[in-house]
Structure formats: C-alpha cells, structure tokens
Amino acid sequence: MVNQNIACAIALGGNIGETWAILEAAIETLAQTPGIFLEKKSNWYKTKAVGPPQPDYINGAALLQVEMIPQLLLETLLQIENKFGRQRRERWEARTLDLDLLLYNDVILDTPKLQLPHPRMRERAFVLVPLAEIAPDWIEPVSGYKIKELVQEVDCSDVHLLEYQ
Ligand SMILES: Nc1ncnc2c1ncn2[C@@H]1O[C@H](COP(=O)(O)OP(=O)(O)OP(=O)(O)O)[C@@H](O)[C@H]1O
Ligand SMILES: Nc1nc2c(c(=O)[nH]1)N=C(CO)CN2
C-alpha cells in the first residue's frame, strides 16, 4: 500500500467513435476514481495515426497524484479502457480509448506487463506535445532530458491543437 501521493503522467488517445466525448468522459472517470487525484489535463490535439493506416487520433495527457502502486494504476487504466468499449485484437489497431502510463514519479521498471517510463514515449510527438504543455520540466528518467527538451527532438508537424476546447 502506498501511503503518500505519487506524481504520474498518463497519455490519452482514441480514433473510433465520438472520441472527444469519450476522452472527456475518461478524464471524468479518472477524477472520480478513489486513490486518483486529477491535477491537470492538457488541451486535445488532432494527430495523424502513427503505424498502420487508420483514422486520425485525438490525443492528450494528464497529470495525476495517485495512492496506488503502479501495477494497480495500470490495472485501473485498463479497466477504464474496457468501460469505454476498448477491443484488443492487434497491436496498434484503431481504438475507442487508449490510456498509457507514461511516468510514475522517477521509477524505472521493466517487467512483461509494465514498463516505466513508457518505452515509446520519447519518440512520439502525439505524447510529447500534450505532455510538454502540462509538465515541461519533468525529467524523463531514462534519458535524463526534460519533456520540453525531448519534444524538440521529434517531428511535431502532424500534431495540431484542436480549436474550441
Ligand atoms: N507504461 C505502460 N502503459 C500502458 N501499458 C503498458 C505499459 N507498459 C507495458 N504495458 C502493457 O502493454 C500492453 C498493451 O497495451 P496497448 O494495447 O495499449 O498497446 P498499444 O497501445 O497497442 O501499443 P503501445 O504500447 O505502443 O502504445 C498492456 O496490456 C500493458 O500490460
Ligand atoms: N496519432 C496516434 N497514433 C497512434 C496512437 C495514438 O495515440 N496517436 N497510438 C498507437 C498505439 O498506442 C499507434 N498510433
């Protein structure tokens, strides 16, 4: 049991259905979950899909304070994905909701079910742009670089702020 609040960053995304409404509802669900305190959420961004051809995504990021070990937080995120109709067939397929655990304090972890920091966050403009908005000075512990430094290393031309947030 963790008896103090731990700072975490998560990524949110989706590209099937009423994505914007799903993402807002997911944020609300997180905020209502015992042991999770929503600190900040980024704006939403329209992003071109990375990987297999599929519709554009909406992506964002949020900062949480949590009173849970990382494995339980991941389990909670997967349950919220399921609540919003997430189907799992293939890797990188289109989805109603994706919640990735990016950073859990400065923990580095490499287990089959959970890697921290998220192993692909450093190369993903759709993760770094929203995260840089809310946590520019957070140091990604594997690289030792701040998020605002990492975002300068990726091509952000396919990440566009959505109007009328
Ligand atoms: N930091 C992490 N955040 C979320 N899932 C993780 C993490 N580390 C490992 N995983 C594992 O990855 C599994 C697959 O996740 P998911 O289906 O969201 O992958 P994906 O979104 O298709 O691809 P990617 O992992 O590249 O974002 C999860 O069931 C989980 O056990
Ligand atoms: N733009 C964008 N592309 C993706 C995304 C995503 O969230 N946004 N998620 C993926 C699998 O995690 C694969 N590709």
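All residue numbers here refer to positions counted from 1 along the written sequence of the relevant chain. The lettering of chains begins at A and the numbering of ligands begins at 1, in the order of writing. Given that the model is predicted, a residue must reach a pLDDT of at least 70 before its local features are reported, and side-chain atom pairs must reach 80 or more before they are shown or counted; all residues, however, enter totals for whole chains, interfaces and linings. Only hydrogens and water are set aside when side-chain values are computed; all heavy atoms of the structure are taken into account.

## A few points about helix α1 (residues 19-32)
Helix and strand assignments come from DSSP, with helices taken as H or I runs of at least 4 residues and strands as E runs of at least 2, each series counted from the N terminus. Multiplying one less than the number of residues by 1.5 Å gives the expected span of a helix. For α1, built from 14 residues, the straight-helix expectation of 20 Å at 1.5 Å per residue is met to within 8% by its first-to-last C-alpha distance of 20 Å. Each residue is assigned to one of three classes by its accessible area relative to the maximum for its type, calculated with a 1.4 Å probe on protein chains only: buried under 20%, partly exposed between the two thresholds, exposed over 50%. Along α1, the positions that sit buried rather than exposed are Thr19, Ile22, Leu23, Ala26, Ile27, Thr29 and Leu30. Buried residues in α1, looked at end-on, bunch into an arc of 160°, giving them a common side. In this description, the arc belongs to the directions extending from the helix axis to the C-beta atoms.

## Quick word on the UniProt feature "domain: 7,8-dihydro-6-hydroxymethylpterin-pyrophosphokinase" (unreviewed entry) in the protein chain
UniProt positions are given in the numbering used here, feature names are shortened, and annotations may be inferred rather than shown by experiment. The positions that UniProt labels "domain: 7,8-dihydro-6-hydroxymethylpterin-pyrophosphokinase" (unreviewed entry) are, in the present scheme, residues 10-136. Between the C-alpha atoms that bound residues 10-136 there is a distance of 14 Å. The span itself is 30% helix and 28% strand.

## Here's the deal with unusual backbone geometry
Note the cis peptide between Leu116 and Pro117, where omega equals -15°. By the secondary structure assignment, Pro117 is in the loop between β7 (115-116) and α3 (125-134).

## Regarding the site of ligand 1
Near residues are defined by distance, with any heavy atom within 4 Å of the molecule or strand qualifying the residue. In the vicinity of ligand 1 lie 15 residues, with Arg88, Leu101, Lys113, Arg120 and Arg124 positioned nearest. In protein, a polar contact requires one atom able to donate a hydrogen and another able to accept it; more generally it is a pair of N or O atoms within 3.5 Å, and residues adjacent in sequence count only if both atoms are side-chain atoms. Here an oxygen atom of ligand 1 sits 2.7 Å away from a polar atom, N or O, in the main chain of Lys113. Between a nitrogen atom of ligand 1 and a main-chain N or O atom of Gln115, the distance comes to 2.8 Å. Starting from 630 Å² of accessible surface for ligand 1 in isolation, the protein chains cover 84%. The dominant element in the shell around ligand 1, judged by the number of residues it contributes, is strand β5 (residues 98-104), at three residues. Method for areas: the Shrake-Rupley scheme with a 1.4 Å probe, in which residue coverage is limited to the protein chains shown.

## Some details on the pairing of strand β1 (residues 6-14)
Across the nine residues that make up β1, a large majority, eight, are buried. As paired elements, β1 and strand β4 (residues 57-66) share nine bridges and run antiparallel to each other. Its bridge partner being in β4, Ala11 is matched across the sheet by Ala61. Here β1 runs beside β5; their pairing, made up of six bridges, is antiparallel. Along β5, the bridge assignment pairs Leu12 with Leu99. Criterion used throughout: strands pair if DSSP finds at least two bridges between them.

## Describing the site of ligand 2
As a structural note, the neighbourhood of ligand 2 is formed by Thr47, Lys48, Ala49, Val50, Tyr57, Asn59, Trp92, Arg95, Asp98, Arg124 and Phe126. Within the contact set of ligand 2, a nitrogen atom lies 2.8 Å away from a side-chain nitrogen or oxygen of Thr47. The separation between an oxygen atom of ligand 2 and a polar side-chain atom of Asn59 is 2.8 Å. When isolated, ligand 2 has an accessible area of 340 Å², and the protein chains bury 96% of it. Polar here means any residue other than Ala, Val, Leu, Ile, Met, Phe, Trp, Tyr, Cys and Pro, which are nonpolar, and Asp, Glu, Lys and Arg, which are charged; Gly is therefore polar. Of the residues assigned to the shell around ligand 2, the class counts are five nonpolar, two polar and four charged.

## Remarks on the side chain of Glu140
Checked against the element boundaries, Glu140 lands in the loop between α3 and α4 (147-150). For Glu140, a relative accessible area of 1% puts it in the buried group.

## So, α3
Within α3, nine of the ten residues are buried, which leaves it mostly tucked inside the rest of the structure. Residues of α3 that are buried: Ala125, Phe126, Val127, Leu128, Val129, Pro130, Leu131, Ala132 and Ile134.

## As for the pattern of salt bridges
One speaks of a salt bridge when a side-chain nitrogen belonging to Lys or Arg is within 4 Å of a carboxyl oxygen belonging to Asp or Glu. Tallied over the entire structure, the rule returns seven salt bridges. The closest approach of N and O atoms between Glu140 and Arg122, which form a salt bridge, is 3.7 Å. Here Glu140 is found in the loop between α3 and α4, whereas its partner Arg122 is found in the loop between β7 and α3, with 18 residues between them in sequence. Where Lys146 meets Asp137, a salt bridge forms, and the shortest distance between an N and an O atom there is 3.8 Å. The class of Asp137 is partly exposed, set by a relative accessible area of 43%. Each of Asp137, Lys146 and Lys148 takes part in a single network of salt bridges with overlapping partners.

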